[in-house]
Amino acid sequence: MQKVISLFIAVFAAVIGLQAQTKYENFTLGENQYLLGNSLDDKNYYTASSGNKGDVTMATRIAPEKYKALKNCRAVGIRFALPTAVEVKQVTLYTNSKSVKHKVTPTKVVGGWNYVPFDTPQTLSTTGVYVGYTYVQTTSYSCQGICHWDQKVPDGYWTCFEGQWMDWSGFYGALCIQLVVEADPLPDYGLEVESVDNLPVVMNEEGNLAVRFVSNSRKDISSFDYTMTVGEEAVAGHEDLAKTLPAGLNQHTGLTLKTPVMPASGNYNATLALTAINGETLETPVEKAFTLDVVTRRVQRRTVVEENTGTACGNCPRAWVGMEYLKEHCADNCIGIAIHQYNSSDPMYCARYASLGFGGAAPLCKVDRKVMTDPYYGTAQLGIDHDVAYYSSIAPLVDVKVEGMFTADLKKVTCNAEVEWLCDTGKYTIAYVLLADGLQSSEPAWLQKNDYQIANASTQNILPHMQEYTQFFKGEENGQPMVSLVFNDVMIGSSYSSEGTNGAKALGTSKHTAGEVLQHSYSCAISASTAAKKVLDYDNIYVVALVIDNKGYIANAAKAKVIPIPEGIDGALAPAAPVDDAAYDLAGRRLNAPANHGISIVGGRKVMR
């Protein structure tokens with residue numbers, strides 16, 4: 001029997017037909033008891049299962065942040081949901097290293113929610129714990145686990161088969177497993193600032209700051225007062241919550257707060273202090289320190305969506321729809337990059353790219369290398385365009401322009417970028433990507449696998465603004481096992497090696513100041529396969545410049561069509577012999593003066609404005 005665990009999510013009739021549920025089905029919390037878990041809703045779960053027969057463990061991690069506010073916290077039992085009654089051998093509390101801390105054999109389980117108490121209360125480690133159940137799976141893909149597809153969290157979904165643990169958290173959402181704990185009573189008001197998103201603001205403009213709050217309180221919270229201090233500037237405010245934070249543990253809400261108007265760019269130390277709750281002044285304000293970047297001006301931000309896909313991926317037609325939607329409707333503020341690395345038999349397979357942690361799974365994408373999500377649904381299940389809209393609204397710390405020119409043999413592209421810093425920053429790097437549009441062929445190897453052809457479109461979660469998804473279902477235009485598609489934004493080369501090492505040099509020094517401008521050049525090879533090169537349209541090749549910060553996030557990007565070397569103009573950037581200072585466009589026509597916008601050639605050199 002294979003030890004490599006395979007996992008299946010029911011992509012068709014996904015919602016389980018459980019009975020109408022109360023808040024806590026088959027269970028009532030006692031006084032000073034709380035539920036800890038990555039999925040706390042009792043409704044609308046999805047099925048998932050290991051593809052192996054035998055004893056399978058489903059487990060989820062409970063991070064210490066979920067119970068750090070509790071004093072004298074101890075675990076007293078585990079809740080978990082099953083779609084049907086199966087043999088559950090044990091429920092287990094694990095240490096943070098997944099060694100067994102405590103286990104109990106349940107007397108009976110049912111389809112739906114189950115509660116299994118511990119025989120003795122268990123203390124919880126400050127580093128976190130895992131909780132899970134082990135059941136007997138008699139057939140492959142019998143769907144004995146339940147998860148919340150839209151609640152993807154780190155360590156939210158683990159399986160274990162024959163001693164091999166596998167993490168599926170980035171793909172399938174949080175398992176419906178909860179730990180029941182009891183502790184000392186909570187304070188009346190335990191409101192804290194959970195996080196402050198360091199979203200840059202523009203000097204001389206009122207900025208918006210995204211703030212997350214968490215409440216661990218005995219009383220409901222409907223309002224609070226605060227003071228925000230940035231550098232020497234300060235503002236005070238009062239917030240009436242649109243929805244009251246109920247009493248209880250780990251009650252979260254997010255708000256947008258206005259920042260002071262800052263007269264100069266820079267990196268500022270800042271503090272958000274809660275001074276009163278429900279009109280009652282706090283004896284000691286609750287403070288959260290953060291930093292705020294203020295940029296010199298607002299420039300265009302282009303969000304980058306890097307998608308892992310392949311012709312052998314049966315679910316990738318869904319991602320194809322999402323990426324095509326971005327190309328058609330979000331081209332001004334989004335750059336899509338289709339990385340065909342799911343299957344090496346794909347004619348568009350190209351190994352030369354960054355290692356982004358997809359783990360061979362598809363369809364998946366990363367947005368500005370910050371979040372991993374579905375290329376159709378996005379993080380909020382409302383569409384990938386919602387993610388693009390959010391990230392594109394953030395004022396970037398850098399502005400970037402790029403242009404590319406083919407070498408005479410069409411084997412490489414000379415990439416030239418100009419980067420301007422809008423705020424003082426640390427070390428940045430740059431990477432280049434070559435993309436191709438319009439790839440298609442009648443050859444069988446180019447056909448895209450389509451798993452949706454056995455399902456009815458009416459049973460699916462199809463987003464209203466992306467109805468093109470319906471074409472892949474039973475009876476529809478492309479409702480066949482293999483379909484012919486036109487592939488766009490296909491990655492055909494980059495500054496990365498096949499091991500993921502970036503060959504482009506770092507941008508200048510380890511520190512940069514507002515107003516600094518840097519020119520950067522790189523020769524990027526077209527690394528497409530022989531099959532892909534046969535269908536390349538060299539009038540539809542593009543170069544992308546990715547400016548990457550010291551956290552590995554994409555700070556900004558630019559995209560431009562690669563142009564041929566104009567006749568009569570030397571493609572070399574540094575001519576050996578003196579030439580006149582006349583200006584030419586990229587077609588070799590003489591200009592009265594360099595173009596105000598775009599690229600001109602002056603004195604044998606390309607000039608970007």
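Because the structure is predicted, anything quoted here is derived from the model rather than measured.

With that out of the way, let us pick up the nonpolar core. Within the largest apolar cluster, 70 residues are counted, with the highest numbers of intra-cluster contacts made by Tyr432, Leu439 and Ile492. Excluding its chain neighbours within four sequence positions, the residues that come into contact with leucine 439 are Met348, Trp446, Leu485, Val486, Phe487, Val490, Ala532, Val535 and Leu536. By size, the runner-up hydrophobic cluster in this structure holds 59 residues, among which are Met58, Val131, Ile337 and Leu435.

A separate point is helix α2 (residues 316-329). Compared with an ideal rise of 1.5 Å per residue, which puts 14 residues at 20 Å, α2 spans 20 Å between its outermost C-alpha atoms and is within 8% of the ideal. Within the sequence span of α2, burial applies to Cys316, Pro317, Arg318, Ala319, Val321, Gly322, Met323, Tyr325 and Leu326.

Before going further, it helps to spend a moment on the pairing of strand β24 (residues 334-340). Regular strands have side chains that alternate between both faces of the sheet. In terms of residue burial, β24 counts as a mostly covered element, since 7 of its 7 residues are buried. Handedness of the β-α-β unit built from strand β23 (residues 303-309), α2 and β24 comes out right-handed.

Taken in spatial order, the 6 strands line up as β7-β6-β9-β4-β11-β12 in an open sheet, and their pairing is antiparallel. Of all strands in the sheet, those bounded by a partner on one side alone are β7 (100-104) and β12 (164-167). Between one strand and the next, the sheet's axes are offset by a mean angle of 25°, whatever the strand orientation. Here 9 bridges tie strand β4 (residues 54-62) to strand β9 (residues 129-137), and the two strands are oriented antiparallel to one another. Residue methionine 58 lies in a different strand from β9, and its bridge partner there is tyrosine 133.

Within this structure, the stated rule accounts for 2 cavities of 30 Å³ or more. In this structure, the largest cavity encloses a volume near 150 Å³. Lining the largest cavity are 13 residues, and of these Glu307, Trp320, Ala338, Phe487 and Asn488 sit closest to its centre. Mapped by element, the contributors of at least two residues to the lining of the largest cavity are β23, α2 and β24.

Attention now moves to helix α3 (residues 384-392). Every buried residue of α3 is listed here: Ile384, Asp385, Asp387, Val388, Tyr391 and Ser392. Here the buried residues of α3 occupy an arc of 155° about the axis, which is enough to place them on one side. Next to the buried residues of α3 lie β23, α2, β24, β25 (364-367) and β26 (371-373).

Once that is clear, we can look at the confidence of the model for the protein chain. Per-residue pLDDT for the protein chain has a mean of 87; in total, 85% of the residues score no lower than 70. Residue range residues 1-22 is modelled with pLDDT below 50. Its contacts to residues more than four positions away, or to other chains, number 65 contacts.

A few words on unusual backbone geometry. Of the consecutive residues alanine 362 and proline 363, the connecting peptide bond is found in the cis state with omega at -5°. As for its position among the elements, proline 363 is in the loop between β24 and β25. Positioned with a positive phi, asparagine 72 is a non-glycine residue whose angle comes to about 55°. As for its position among the elements, asparagine 72 is in the loop between β4 and β5 (74-82). What makes asparagine 72 exposed here is its relative accessible area of 53%.

Now for the sheet that holds strand β15 (residues 191-196). Pairing between the strands of a sheet is mediated by backbone hydrogen bonds and can be parallel or antiparallel. Spatially, the 3 strands line up as an open sheet ordered β15-β17-β20, and their pairing is antiparallel. Across the chains shown, the open sheet's two edge strands, defined by having one partner strand only, are β15 and β20 (248-258). Taken over all neighbouring pairs, the strand axes of this sheet differ in orientation by 30° on average, direction set aside.

Our focus in this paragraph is the state of the cysteines. For the structure on display, the rule yields 1 disulfide. Note on cysteine connectivity: cysteine 313 is disulfide-linked to cysteine 316, with sulfurs 2.4 Å apart. Looking down the S-S bond of the cysteine 313 and cysteine 316 bridge, the torsion is 85°, so its handedness is right-handed. Under the relative-accessibility criterion, cysteine 313 is labelled buried at 2%. Cysteine cysteine 365 remains unbridged, with the sulfur of cysteine 334 as its closest cysteine sulfur at 9.3 Å. Given the relative accessible area of 0%, cysteine 365 is considered buried. The cysteine cysteine 524 is free of any disulfide, with cysteine 415 supplying the nearest cysteine sulfur at 5.0 Å. In this structure cysteine 524 comes out as buried when scored by relative accessible area, which is 0%.

On to the pairing of strand β28 (residues 412-421). Of all 10 residues in β28, 8 are buried; the element is thus mostly enclosed. Strand direction decides the pairing type here: strand β27 (residues 398-406) and β28, joined by 9 bridges, are antiparallel. Its bridge partner lying in β28, aspartate 399 is registered against glutamate 420. Taking the residues that link successive antiparallel strands as the turn, the β27-β28 hairpin has 5 residues, and the phi of leucine 410 there is positive, at about 60°. Of the strand pairs in this sheet, β28 and strand β34 (residues 517-525) are connected by 9 bridges, and their pairing is antiparallel. By the bridge assignment for β34, lysine 412 is matched with alanine 525.

What follows concerns the pattern of salt bridges. Under the defined criterion, the tally for this structure stands at 12 salt bridges. When the shortest N-O distance is used, the salt bridge between aspartate 374 and arginine 318 registers 2.5 Å. Taken together, the residues aspartate 374 in the loop between β26 and α3 and arginine 318 in helix α2 connect sequence positions 56 residues apart. Per residue, the accessibility class of aspartate 374 equals that of arginine 318, and both read buried. A salt bridge links lysine 327 to aspartate 437, with the shortest nitrogen-to-oxygen separation between them at 2.9 Å. Within this pair, whereas lysine 327 is found in helix α2, its partner aspartate 437 is found in the loop between β29 (428-436) and β30 (448-449), the two being separated by 110 residues in sequence. Judged by its relative accessible area of 9%, aspartate 437 is buried. Linked by salt bridges that have partners in common, Lys327, Asp437, Asp489 and Lys559 make up one network.

Reading the values: the criteria
- Residues numbered from 1 in each chain as written.
- Predicted model: local features only at pLDDT ≥ 70, side-chain atom pairs only at ≥ 80, totals over all residues.
- Heavy atoms only, no water.
- Core = buried A, V, L, I, M, F, W, Y, C linked by side-chain atoms within 4.5 Å.
- Buried < 20%, exposed > 50% of the residue type's maximum accessible area, 1.4 Å probe, protein only.
- Contact = heavy atoms within 4.5 Å.
- Helix = DSSP H or I, 4+ residues; strand = E, 2+ residues; numbered from the N terminus.
- Expected span 1.5 Å × (residues − 1).
- Right-handed = clockwise from strand over helix to strand, strands pointing away.
- Pairing = 2+ DSSP bridges.
- Axes fitted to C-alpha atoms, helices over the stretch in contact; angles between N-to-C directions.
- 1 Å grid on protein atoms, 1.4 Å probe; cavity = no way out; pocket = protein on both sides within 12 Å on 5 of 7 lines; lining within 4 Å.
- Points joined across faces, edges and corners; volume = space filled by probe spheres on them.
- Arc of directions from axis to C-beta.
- pLDDT = per-residue confidence, 0-100.
- Disulfide = S-S within 2.5 Å.
- Salt bridge = Lys/Arg side-chain N within 4 Å of Asp/Glu carboxyl O.

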